[in-house]
Amino acid sequence: MMEKTAQLYEGKAKKVFATNDPNYCIVSYKDDATAFNGLKKGTILGKGAINNRVTNHLMRLLEKNGVPTHYVEELNDRETVVKKVRIVPLEVIVRNIAAGSLSKRLGLPEGVKMKRTVLEYCYKNDDLGDPMVNEYHILAMEWATEEEMDLIASYSFKVNEVLTEYLKEAGIELVDFKLEFGKTADGQIVLADEISPDTCRFWDIKTHEKLDKDRFRRDLGGVEDAYQEILRRLLGE
Ligand code: TMP
């Protein structure tokens, strides 16, 4: 039986604990929500349990489709056993439809479909506000090797293909999302962190209603209902 020992880390949405086995950690999802690099703070009731269950559901689907992940076992509503990894300090953003910072940066109205999938990298550093970087920065800073970046890019496109198709069946349009990768003790690159309404833009396929954290970021109301709706559509409850 895997048991939590010391708390290793507390992030904005999750805590990470060591376990009695050095190869595994336990993540615990919180209801805390932040936006704009922690400037806006709040609580989304029930979010921790929903993000835990949605993430695990999607990670299992991705594993089946050839994307290695850190997922091991869901312990309870909020807690999951994952492989211990060293996080590659990058946020990998995949975009199918213009929204958010891409719309601002390029002057594209939200909702414009991109002619090709767009991949972006940000350096994961709160003090610097997660600045956008390119592959030259990443290699020069030795955050990852060229081989690792090739794997990270190909896994990211695969995640996009698998999730886009799967979510369409649930009436959800996958607008964009953020991934993080980690490296296990034996050097394998695996998908880590979470895949949830906190880290993806999910729009209703027909009405384009936002079913994700943009409801919190933009004070649109109905935040809890949107998270609940994603859980219902994906896990049927
Ligand atoms: P952006 O349009 O604000 O750059 O966001 C792109 C995607 O990345 C969107 O699905 C939300 C997600 N995201 C995170 O998961 N964490 C973050 O800190 C930010 C800024 C975005």
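**Q** Is there a simple way to think about the side chain of K213 in this case?
**A** Following the sequence through the fold, K213 ends up in the loop between β14 (200-204) and α5 (214-217). No salt bridge forms around the buried K213; measuring N to O, its nearest opposite-charge neighbour D198 is 4.6 Å away. One polar contact links the side chain of K213 to the main-chain carbonyl oxygen of T34, over a distance of 2.6 Å. Leaving out residues up to four positions away in the same chain, K213 has contacts with T34, P197, D198 and Y227.

**Q** Explain helix α1 (residues 47-64) to me, please; I cannot follow it from the model alone.
**A** Since the α-helix turns once every 3.6 residues, residues separated by three or four places project in the same direction. With 18 residues, α1 should reach 26 Å at 1.5 Å per residue; the first-to-last C-alpha distance of 26 Å fits that figure. Extensive coverage of α1 is indicated by the burial of 15 of its 18 residues. Of the residues one or two after α1, G66 is the one with positive phi, at around 90°.

**Q** Just checking my understanding: could you explain the sheet that holds strand β6 (residues 71-74) for this structure?
**A** Strand pairing in a sheet takes place through backbone hydrogen bonds and is either antiparallel or parallel in direction. Read from one edge to the other, the open sheet built from 5 strands follows the order β1-β2-β3-β7-β6, with strand pairing classed as antiparallel. Only two strands of the sheet have a single partner each, and these edge strands are β1 (4-10) and β6. Adjacent strand axes in the sheet meet at a mean angle of 30°, parallel and antiparallel pairs treated alike. Pairing between strand β3 (residues 24-29) and strand β7 (residues 79-83): 5 bridges, direction antiparallel. Looking at β7, one finds that C25 is bridged to V82. Those strands touched by α1 are β3, β6 and β7, and its axis lies near 130° from that of β6.

**Q** Explain the packing of α1 against helix α4 (residues 146-169) here, please?
**A** When two helices pack together, their arrangement is given by the angle between the helix axes and by the axis-to-axis distance. For the pair α1 and α4, the least separation of the axes is 10 Å and the interaxial angle reads 120°. Classified by the interaxial angle, the pair formed by α1 and α4 is oblique. Crossing handedness for the pair α1 and α4: right-handed. Contacts between α1 and α4 pair H57, L58, L61 and L62 from the former with V159, V162, L163 and Y166 from the latter. In terms of residue class, the contact of α1 with α4 is built from 7 nonpolar, 1 polar and no charged.

**Q** Would you mind going over the packing of α1 against helix α6 (residues 223-235) with me for this structure?
**A** Contact geometry for α1 and α6: axes closest at 10 Å, N-to-C directions at 30°. For the element pair α1 / α6, the angle class is roughly parallel. Seen from above, α1 lies across α6 with left-handed handedness. On α6, the residues that touch K47, I50, N51, R53, V54, H57 and L58 of α1 are Y227, Q228, I230, L231, L234 and L235. Considered class by class, the residues forming the contact of α1 with α6 number 8 nonpolar, 3 polar and 2 charged.

**Q** Would you take a moment to explain the state of the cysteines for this structure?
**A** What is meant by a disulfide is a covalent connection between two cysteines, made through their sulfur atoms. Per the stated rule, a full pass over the model turns up 0 disulfides. Just so you know, C200 is unpaired, no disulfide at all, and the nearest cysteine sulfur is the one on C122, 15 Å from it. The exposure class assigned to C200 is buried, which follows from its relative accessible area of 3%.

**Q** I keep staring at the site of the ligand and nothing clicks. Help me out?
**A** In the neighbourhood of the ligand, 14 residues make up the surrounding shell, with R95, S101, D176, K178 and R201 lying closest. Here an oxygen atom of the ligand sits 2.9 Å away from a polar atom, N or O, in the side chain of R95. In this structure, an oxygen atom belonging to the ligand sits 2.9 Å away from a side-chain N or O atom of R201. Starting from 450 Å² of accessible surface for the ligand in isolation, the protein chains cover 76%.

**Q** Help me understand the pairing of strand β5 (residues 40-43), please; the structure alone is not making it clear to me.
**A** A regular strand places its side chains so that they alternate between the two faces of the sheet. Taken together, the 4 bridges between strand β4 (residues 32-35) and β5 define a ladder with antiparallel strand orientation. Considered in β5, the bridge of A35 is made with K40. Counting the residues between successive antiparallel strands, the hairpin from β4 to β5 contains 4 residues, one of them, F36, with a positive phi of roughly 55°.

Parameters at a glance
- Residues numbered from 1 in each chain as written.
- Predicted model: local features only at pLDDT ≥ 70, side-chain atom pairs only at ≥ 80, totals over all residues.
- Heavy atoms only, no water.
- Helix = DSSP H or I, 4+ residues; strand = E, 2+ residues; numbered from the N terminus.
- Buried < 20%, exposed > 50% of the residue type's maximum accessible area, 1.4 Å probe, protein only.
- Lys, Arg positive; Asp, Glu negative; His and termini not counted.
- Salt bridge = Lys/Arg side-chain N within 4 Å of Asp/Glu carboxyl O.
- Polar contact = N/O pair within 3.5 Å; in protein donor to acceptor, adjacent residues only side chain to side chain.
- Contact = heavy atoms within 4.5 Å.
- Expected span 1.5 Å × (residues − 1).
- Pairing = 2+ DSSP bridges.
- Axes fitted to C-alpha atoms, helices over the stretch in contact; angles between N-to-C directions.
- Parallel < 35°, antiparallel > 145°, perpendicular 65-115°, else oblique.
- Left-handed = near helix turned anticlockwise from the far one by under 90°.
- Nonpolar A, V, L, I, M, F, W, Y, C, P; charged D, E, K, R; others polar.
- Disulfide = S-S within 2.5 Å.
- Near = heavy atom within 4 Å.
- Areas by Shrake-Rupley, 256 points an atom, 1.4 Å probe, with all protein chains shown as cover.

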